[in-house]
Amino acid sequence: MQLKIQSLSKTYPNGVRALRNISLTINQGMFGLLGPNGAGKSSLMRTIATLQEADEGSIFLDDLDVLKNKEQVRQILGYLPQDFGVYPRISAEQMLDHIAQLKGIGKKSERKELVSALLEKVNLTKDKKKNLGTYSGGMKQRFGIAQSLMGSPKLIIVDEPTAGLDPAERNRFYNLLSQIGENTIVILSTHIVEDVRTLCSDFAIICEGELMYTGQPDAAVSELEGKVYSKTIKKEDMQEYRDKYRVISTQLKGGNLNIRAYSETDLGDGFITAPVILEDVYFSTIAEKVDLVTL
Ligand code: ADP
């Protein structure tokens, strides 16, 4: 199965060009979507999820025209938006049963079986009677995944799912997603760049509505190998370094600045070659559009 986005554009009524001629092919497995705030990630995901119209372009899931067959797409779609409300005074079990009814599963016994299988999958069986309002952030996200998995979707879209989760909850959540990702398309947007390296077979970087990069995380990192240099400098020297080098990121460390710079040739000047991380790919890609170095 393959999702093929072609020349997709969207301008909001207020004039914001959220998507500019995006063409992207997404295969089965986990696909990471990276980009700064306002890049257009949610706009892209909502369009794929049939929740908003595009102005131009097409999206096909194999032969299925996504923009023209919304109902059919919704049958095979699982969508976990950034903020999904939960009804605080209803239990996970009741809520899933309700969603199953909405999905048209009329037979009580069938729903019961489905709901308990989903609860088991997201490890909420022992908490199924508790009201959703009492759930922790991680439990809510796992519940969100359970509801998005209703009806065995072939395409799952999760928009920044780990915001507010602690590292252990994040791990559990990701383990769950990876298992699901094996025979579905999972599109995941996140701010945590290294998570994309760990989890995703392919990824894309978008910025200001444009597709800036698409490829495999490991290959992207290899492309930069030997071209990223680091050095610790005094804060007040930053401007000088910015003028002289292609600084891609900075990090304050004990009052000094650790800077990373991109160069095709050996930088000398006290710089050492640094092991490349996906963040270097991300920052050097979006640096074309966004001024990242702020003091
Ligand atoms: P991201 O998810 O990457 O943060 P969004 O898709 O939410 O980006 O937003 C892309 C751009 O479109 C931003 O400039 C945002 O302010 C704008 N935008 C998003 N939704 C709307 C809307 N419904 N109406 C007008 N502008 C919007």
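Look up: the structure comes first, before these words.
Criteria and cut-off values
Residues numbered from 1 in each chain as written. Predicted model: local features only at pLDDT ≥ 70, side-chain atom pairs only at ≥ 80, totals over all residues. Heavy atoms only, no water. Helix = DSSP H or I, 4+ residues; strand = E, 2+ residues; numbered from the N terminus. Buried < 20%, exposed > 50% of the residue type's maximum accessible area, 1.4 Å probe, protein only. Contact = heavy atoms within 4.5 Å. Areas by Shrake-Rupley, 256 points an atom, 1.4 Å probe, with all protein chains shown as cover. Lys, Arg positive; Asp, Glu negative; His and termini not counted. Charge placed at Lys NZ, Arg CZ, Asp CG, Glu CD. Near = heavy atom within 4 Å. Polar contact = N/O pair within 3.5 Å; in protein donor to acceptor, adjacent residues only side chain to side chain. Nonpolar A, V, L, I, M, F, W, Y, C, P; charged D, E, K, R; others polar. Axes fitted to C-alpha atoms, helices over the stretch in contact; angles between N-to-C directions. Parallel < 35°, antiparallel > 145°, perpendicular 65-115°, else oblique. Left-handed = near helix turned anticlockwise from the far one by under 90°. Phe/Tyr/Trp six-rings, centres within 6.5 Å; stacked < 30°, edge-to-face > 60°. Pairing = 2+ DSSP bridges.

## What to know about the overall build of the protein
And then number 1: The number of helices and strands found in the protein is 10 helices and 14 strands.
And then number 2: Seen through its C-alpha atoms, the protein measures out along the principal axes to roughly 70 × 40 × 35 Å.
And then number 3: A burial count over the protein gives 50% of its 295 residues as buried.
And then number 4: Of the contacts made within the protein by residues no fewer than 6 positions apart, 67% connect residues no fewer than 24 positions apart.
And then number 5: Counting every atom, the protein has about 14,700 Å² of accessible surface; 46% of that belongs to carbon and sulfur.
And then number 6: Positive and negative side-chain charges in the protein, numbering 36 and 38 respectively, have mean positions lying 7 Å apart.

## As for the site of the ligand
And then number 1: In the vicinity of the ligand there are 13 residues, among which Gly38, Gly40, Lys41, Ser42 and Ser43 approach most closely.
And then number 2: At 2.6 Å, a side-chain N or O of serine 43 approaches an oxygen atom of the ligand.
And then number 3: By residue class, the composition of the shell around the ligand is 5 nonpolar, 6 polar and 2 charged.

## Side note on the packing of helix 3 (residues 92-102) against helix 5 (residues 137-149)
When two helices pack together, their arrangement is given by the angle between the helix axes and the distance between those axes.
And then number 1: Direction vectors running N to C along helix 3 and helix 5 enclose 25°, while the axes themselves pass 10 Å from each other. The angle between the axes of helix 3 and helix 5 places the two elements in the roughly parallel class. In terms of crossing hand, the pair formed by helix 3 and helix 5 is right-handed. Between helix 3, through Ala92, Met95, Leu96 and Ile99, and helix 5, the contact on the second element is made entirely by Phe143, Ala146 and Gln147.
And then number 2: Here the residues of the contact of helix 3 with helix 5 are counted per class, giving 6 nonpolar, 1 polar and no charged.

## Topic: the packing of aromatic side chains
And then number 1: Under the definition given, this model contains 6 aromatic pairs.
And then number 2: Ring centres 6.1 Å apart and planes at 70° place the aromatic pair tyrosine 241 and phenylalanine 271 in the edge-to-face group. Of this pair, tyrosine 241 sits in helix 9 (residues 238-244) while phenylalanine 271 sits in the loop between strand 13 (256-262) and strand 14 (272-273), placing them 30 residues apart in sequence. Phenylalanine 271 matches tyrosine 241 in its accessibility class, with the two residues each being buried.
And then number 3: Their ring planes at 55° and their centres at 5.4 Å tell us that tyrosine 282 and phenylalanine 283 sit as a pair that is tilted. Here the two residues tyrosine 282 and phenylalanine 283 agree in accessibility, since each one is buried.
And then number 4: Here the aromatic residues Tyr241, Tyr245 and Phe271 are joined through ring pairs into a cluster of three or more.

## Structural notes on unusual backbone geometry
And then number 1: A positive phi angle, close to 55°, is found at asparagine 21, a residue other than glycine.
And then number 2: Tracing the backbone shows asparagine 21 in strand 2 (residues 17-27).
And then number 3: Accessibility expressed as a relative area gives 51% for asparagine 21, which makes it exposed.
And then number 4: A positive phi angle is found at glutamate 208, which is not glycine, with a value near 50°.
And then number 5: Structurally, the position occupied by glutamate 208 is in the loop between strand 9 (202-207) and strand 10 (210-215).

## Points about the packing of helix 3 against helix 4 (residues 108-121)
And then number 1: Between helix 3 and helix 4, the shortest axis-to-axis distance is 9 Å and the interhelical angle comes to 125°. The angle between helix 3 and helix 4 places the two elements in the oblique class. Once helix 3 is placed against helix 4, the crossing between them reads as right-handed. Across from Ala92, Glu93, Leu96, Asp97, Ala100 and Gln101 in helix 3, the residues of helix 4 making contact are Arg111, Leu114, Val115 and Leu119.
And then number 2: Classifying every residue of the contact of helix 3 with helix 4 gives 6 nonpolar, 1 polar and 3 charged.

## Structural notes on the sheet that holds strand 3 (residues 29-34)
And then number 1: Strand order in the open sheet made by the 6 strands is 6-7-8-3-9-10, with mixed pairing throughout. Both outer strands of the open sheet, strand 6 (77-80) and strand 10, are each paired with one neighbouring strand and no more. With direction set aside, neighbouring strand axes in the sheet form an average angle of 15°.
And then number 2: Helix 1 (residues 41-48) rests against strand 3, strand 6, strand 7 (155-159), strand 8 (185-189) and strand 9 of the sheet, and its axis sits at about 150° to strand 7.

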